[in-house]
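Remarks on the overall topology
What follows is the residue order along each chain.
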Amino acid sequence: MSLEFYFLRSSEQKIVVDMLRYSQRLDASDVKVEDVETLKKYYEFYGLTPKDFGVYALKDGVVAGAIWSRRLSEYHKSKGYLVDDTPVLQITVKPEFRSKGIGRALMEQYLSEAASLYELITISTPRSSVAFLEKFGFEVVEESEHLSYVGETTSLIMQKKLQKQESKKHFTDFSSCKWMD
């Protein structure tokens, strides 16, 4: 049972869409991610600019989860947005792979690489995920009202300051220019 990590490239936008289905808890409904206008900012044209960065995990050849960020502007009105040029993070693990350490492994891998790219990242999260994010040094900075989390109408915006460092090169020759397929 091996766990492998790969950079999310523009040709893998479908992975981002599929993972949004789980993070927005649409997996048990007939609603398609593509039909939800407010979600387009999180996946449309993903990977076509250096403003996008992400990693996905394969467990025994199956996509188990993904973590990705986009630098969005105030114009996008995205959950988790604080300031321009600060990426907004998304993370999700498919239900059948949860509680197996994959979310932790994805976060560790993402943070080790993101520190060479960003100074600060933000995420919008339900209260139920705060403890997980605090383990990685995220801090609550704002409370906001959103209706997208099942059973929760309030979400928190958390941020993490990253220590600038050279990429650990866990992947082979990462270059944002190579994201364009």
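Source: prediction; values computed, not measured. Just so you know, the residues in each chain are numbered from 1, in the order the chain's sequence is written. Note on the predicted model: pLDDT of at least 70 is required for a residue's local features to be given, and 80 or more for side-chain atom pairs to be given and counted; whole-chain, interface and lining totals, by contrast, use all residues. Hydrogens and water are ignored here; the side-chain numbers use all heavy atoms of the structure.

**A look at the pairing of strand 2 (residues 52-59)**
Going by this rule: The buried label applies to any residue whose accessible area, calculated with a 1.4 Å probe on protein chains only, is under 20% of its type's maximum; exposed applies above 50%, and partly exposed to all values in between. Each helix is a run of H or I in the DSSP string that is no shorter than four residues. Each strand is a run of E no shorter than two, and both are numbered from the N terminus. A pair of strands counts as paired when DSSP detects no fewer than two bridges linking them.
Within strand 2, eight of the eight residues are buried, which leaves it mostly tucked inside the rest of the structure. Every second residue of strand 2 is oriented toward a common face, with Asp52, Gly54, Tyr56 and Leu58 on one face and Phe53, Val55, Ala57 and Lys59 on the other, all of them buried. With five bridges joining them, strand 1 (residues 3-7) and strand 2 adopt antiparallel strand pairing. Looking at the pairing, Tyr6 lines up with Tyr56 of strand 2. Pairing of strand 2 with strand 3 (residues 62-70), which is carried by eight bridges, proceeds in the antiparallel orientation. In the strand pairing of strand 3, Tyr56 is matched with Ala66.

**Some remarks on the packing of aromatic side chains**
Condition: Working definition: a ring pair exists when centres of Phe, Tyr or Trp rings (six-membered ring for Trp) sit within 6.5 Å. Plane angles under 30 degrees give stacked, over 60 give edge-to-face, the rest tilted.
In the structure shown here, the tally under the stated rule is four aromatic pairs. Residues Phe53 and Tyr110 carry aromatic rings whose centres are separated by 5.2 Å and whose planes lie at 40 degrees to one another, so their mutual orientation is tilted. Residue Phe53 is located in strand 2, and its partner Tyr110 is located in helix 2 (residues 102-114); the two are separated by 57 residues in the primary sequence. Exposure class is identical for Phe53 and Tyr110. Each is buried. Taken together, the ring pairs connect Phe7, Phe53 and Tyr110 into an aromatic cluster.

**Quick notes on the environment of Leu48**
You can see Leu48 is positioned in the loop between helix 1 (13-23) and strand 2. By relative accessible area, Leu48 is classed as partly exposed at 39%. Along the backbone, Leu48 and Ser10 are 38 residues apart, and their C-alpha atoms lie at a distance of 5.8 Å.

**Some thoughts on the nonpolar core**
Within soluble globular proteins, side chains that are nonpolar tend to cluster in buried spots. Formally: By convention a nonpolar core is built from buried Ala, Val, Leu, Ile, Met, Phe, Trp, Tyr and Cys residues, the set being connected through side-chain atoms within 4.5 Å. By the convention used here, residues are in contact when the closest approach between their heavy atoms is within 4.5 Å.
Judged by nonpolar contacts, the single largest core of 28 residues is most densely connected at Leu89, Leu106, Met107, Tyr110, Ile121 and Phe138. Among the secondary structure elements, those contributing two or more residues to this core are strand 1, strand 2, strand 3, strand 4 (88-93), helix 2, strand 5 (120-126), helix 3 (130-134) and strand 7 (154-161). The dominant element in this core, judged by the number of residues it contributes, is helix 2, at seven residues. Those residues in contact with Tyr110 that lie beyond four places of it in its chain are Phe53, Ile67, Ser69, Leu89, Tyr118 and Ile121. Within the second largest apolar cluster, 19 residues are counted, among which are Leu26, Val33, Leu39 and Tyr46.

**Describing helix 2**
The cut-off we apply is this: How far a helix is expected to stretch is found by multiplying one less than its residue total by 1.5 Å.
Compared with an ideal rise of 1.5 Å per residue, which puts 13 residues at 18 Å, helix 2 spans 18 Å between its outermost C-alpha atoms and is within 8% of the ideal. Summarising burial for helix 2: eleven of the 13 residues are buried, a large majority. Residues Ile102, Gly103, Ala105, Leu106, Met107, Gln109, Tyr110, Leu111, Ser112, Glu113 and Ala114 constitute the buried set of helix 2.

**Description of the pairing of strand 5**
Under the convention used in this document: When the strands point away from the viewer and the connection leading from the first strand across the helix to the second strand turns clockwise, the crossover is called right-handed.
Taking burial as the measure, the seven residues of strand 5 include seven buried ones, the bulk of the element. What you see with strand 5 is no split at all: Leu120, Thr122, Ser124 and Pro126 on one side and Ile121, Ile123 and Thr125 on the other are buried throughout. As judged from the two bridges shared by strand 4 and strand 5, these two strands associate in the parallel manner. Bridge pairing links Leu89 to Ile123 in strand 5. Handedness of the crossover joining strand 4 and strand 5 through helix 2: right-handed.

**Re the environment of Leu156**
In this structure, Leu156 sits in strand 7. Linking Leu156 and Glu139, residues 17 residues apart in sequence, is a C-alpha distance of 9.7 Å. Setting aside anything within four residues of it in sequence, one finds Leu156 in contact with Ile123, Ser124, Thr125, Arg127, Val130, Val140, Glu142 and Glu143.

**Concerning unusual backbone geometry**
The phi dihedral of Asp60 is positive, around 50 degrees, even though this residue is not glycine. Summarising the element assignment, Asp60 is placed in the loop between strand 2 and strand 3. In this structure Asp60 comes out as partly exposed when scored by relative accessible area, which is 46%.

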